[in-house]
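A closer look at the structure
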Amino acid sequence: MLAFFDIGILLAAVAGDFVSLVLNVRRAVRGHGASGVPGISWLIYVALLEWRKEIFFFASVGQVGAALTGFHVLCHFAVPWTIELLCRRKS
């Protein structure tokens, strides 16, 4: 039963990263607007890994941590900064 709860929390955190990605991209393209909150979803990922020892479909906790942290960094920093850099060059 707790596995379903953990998966629900993980999906909510991933959805939060996607919402932040969309907000950050819109802000990069338009030059203004709301931005995402980068820390919340990553703290949820850490809580699931450290306190619940949940590995989902990965082989180890290290793989889960690396994959989720990489995904988080892409959503909050790498993709929005790249799009902002590309939009600045066009104008």
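The structure contained in this document is the topic of the report that follows. No experiment lies behind these values; they were computed from the predicted model shown. (Residues numbered from 1 in each chain as written. Predicted model: local features only at pLDDT ≥ 70, side-chain atom pairs only at ≥ 80, totals over all residues. Heavy atoms only, no water.)

**Quick word on the overall build of the protein**
If you tally the helices and strands in the protein, you get three helices and zero strands. Along the chain direction, N to C, the helices and strands of the protein fall in the order α-α-α. Projected onto the principal axes, the alpha-carbon positions of the protein cover approximately 50 × 20 × 15 Å. Burial analysis of the protein (91 residues in total) assigns 24% to the buried set. Restricting to contacts in the protein with at least 6 residues of sequence separation, those with at least 24 account for 67%. Approximately 6,100 Å² of the protein is accessible, and the part contributed by carbon and sulfur atoms is 73%. Put simply, the protein has 8 plus and 5 minus side-chain charges, and the middle of one group is 16 Å from the middle of the other. (Helix = DSSP H or I, 4+ residues; strand = E, 2+ residues; numbered from the N terminus. Buried < 20%, exposed > 50% of the residue type's maximum accessible area, 1.4 Å probe, protein only. Contact = heavy atoms within 4.5 Å. Areas by Shrake-Rupley, 256 points an atom, 1.4 Å probe, with all protein chains shown as cover. Lys, Arg positive; Asp, Glu negative; His and termini not counted. Charge placed at Lys NZ, Arg CZ, Asp CG, Glu CD.)

**Thoughts on the pattern of salt bridges**
One pass over the full model with this rule turns up two salt bridges. In this structure, Arg52 and Asp6 form a salt bridge, with 3.1 Å as the shortest nitrogen-oxygen distance. Placement of Arg52 in the loop between α2 (38-50) and α3 (61-90) and of Asp6 in helix α1 (residues 2-30) is noted, with a sequence separation of 46 residues between them. Under the relative-accessibility criterion, Asp6 is labelled buried at 1%. (Salt bridge = Lys/Arg side-chain N within 4 Å of Asp/Glu carboxyl O.)

**Observations regarding the packing of α1 against α2**
Between α1 and α2, the shortest axis-to-axis distance is 9 Å and the interhelical angle comes to 155 degrees. The orientation of α1 relative to α2 falls into the category roughly antiparallel. Along this stretch, α1 crosses α2, giving a crossing that reads as left-handed. Across from Asp6, Ile9, Leu10, Ala13, Val14 and Asp17 in α1, the residues of α2 making contact are Ser41, Ile44, Tyr45 and Leu48. (Axes fitted to C-alpha atoms, helices over the stretch in contact; angles between N-to-C directions. Parallel < 35°, antiparallel > 145°, perpendicular 65-115°, else oblique. Left-handed = near helix turned anticlockwise from the far one by under 90°.)

**Here's the deal with the packing of aromatic side chains**
When we look at a pair of aromatic rings, we describe it by the centre distance and by the angle of the planes. As enumerated under the stated definition, the model contains three aromatic pairs in all. Seen from their ring centres, Phe57 and Phe58 are 4.7 Å apart, and the 20 degrees between their planes marks the pair as stacked. Take Phe57: its relative accessible area is 71%, and that puts it in the exposed class. (Phe/Tyr/Trp six-rings, centres within 6.5 Å; stacked < 30°, edge-to-face > 60°.)

**Looking at the nonpolar core**
The biggest cluster of nonpolar side chains holds eight residues, and these are Leu10, Ala13, Val14, Tyr45, Leu48, Leu49, Val64 and Leu68. Breaking this core down by element, the ones donating at least two residues are α1, α2 and α3. Those residues within four positions of Leu68 in sequence are excluded, and the remaining contacts are Leu10 and Tyr45. (Core = buried A, V, L, I, M, F, W, Y, C linked by side-chain atoms within 4.5 Å.)

Just geometry here; none of it tells us what the structure is for.
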